[in-house]
Amino acid sequence: QGQLVESGGGLVQAGGSLRLSCAASGRTFSSYGMGWFRLAPGKEREFVADREFVAAISWNSASTYYTDSVKGRFTISRDNAKNTMYLQMNDLKPEDTAIYYCAVQSPTIVNITTHHREYDYWGQGTQVTVSS
């Protein structure tokens, strides 16, 4: 089936940096697009629809896409040899506080996408808290 495990979250002051990792096990996702989403405080974890798109990357890293609020601050990358995806987050702001989830795109979707419905596998999330 495959499993995704996020790590690297934590508490950081505004202006600081964190690097999130998403490690896949049980199967390889090297042929699929992947993405990061986040769930703001106060939202229910069970509602996937409440997760906000953050960034996505194509299977071969040729294409990336970011939501406007993180452009220039966050960088998505992946290492298919390690079956791992990353999110480098710089200049963090209090409004970045959220649970961050990694996800694997459905194999039927050719281009990278921002729509949560087009992602099949999800990790359990890692908490990122940015203090002001």
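For the structure itself, consult the block above.
Residues numbered from 1 in each chain as written. Predicted model: local features only at pLDDT ≥ 70, side-chain atom pairs only at ≥ 80, totals over all residues. Heavy atoms only, no water.

1. Brief notes about the nonpolar core
Piece 1. Of all hydrophobic cores here, the largest spans 27 residues; its most connected members are Trp36, Leu87, Met89 and Tyr100.
Piece 2. Residue assignment for this core shows that the elements contributing at least two residues are strand E3 (18-25), strand E4 (34-39), strand E5 (52-57), strand E7 (74-79), strand E8 (84-89), strand E9 (98-105) and strand E11 (126-131).
Piece 3. What Met89 contacts, discounting residues up to four positions off in sequence, is Gly16, Ser17, Leu18, Leu20, Arg73, Phe74, Tyr100 and Val128. (Core = buried A, V, L, I, M, F, W, Y, C linked by side-chain atoms within 4.5 Å. Buried < 20%, exposed > 50% of the residue type's maximum accessible area, 1.4 Å probe, protein only. Helix = DSSP H or I, 4+ residues; strand = E, 2+ residues; numbered from the N terminus. Contact = heavy atoms within 4.5 Å.)

2. With respect to the environment of Ser132
Piece 1. Tracing the chain through its elements places Ser132 in the segment after E11.
Piece 2. Between the alpha carbons of Ser132 and Val12 there is a distance of 9.1 Å; along the sequence they are 120 residues apart.
Piece 3. Those residues in contact with Ser132, other than ones at most four positions away along the chain, are Ala14 and Pro94.

3. Remarks on the sheet that holds strand E1 (residues 3-7)
Piece 1. Spatial strand order, E1-E3-E8-E7: four strands in an open sheet with antiparallel pairing. The open sheet terminates on both sides in strands that have one partner only, identified here as E1 and E7. Direction aside, the axes of adjacent strands within the sheet are offset by 15 degrees on average. (Pairing = 2+ DSSP bridges. Axes fitted to C-alpha atoms, helices over the stretch in contact; angles between N-to-C directions.)

4. Observations concerning the state of the cysteines
Piece 1. Considering all chains together, one arrives at one disulfide under this definition.
Piece 2. Covalent S-S linkage joins Cys22 and Cys102, the inter-sulfur distance amounting to 2.1 Å. Residues Cys22 and Cys102 are joined through a disulfide that is right-handed, its torsion about the S-S bond being 60 degrees. With a gap of 80 residues between them, Cys22 in strand E3 and Cys102 in strand E9 connect regions that are remote in the sequence.
Piece 3. According to the relative accessible area criterion, Cys102 is buried, its value standing at 0%. (Disulfide = S-S within 2.5 Å.)

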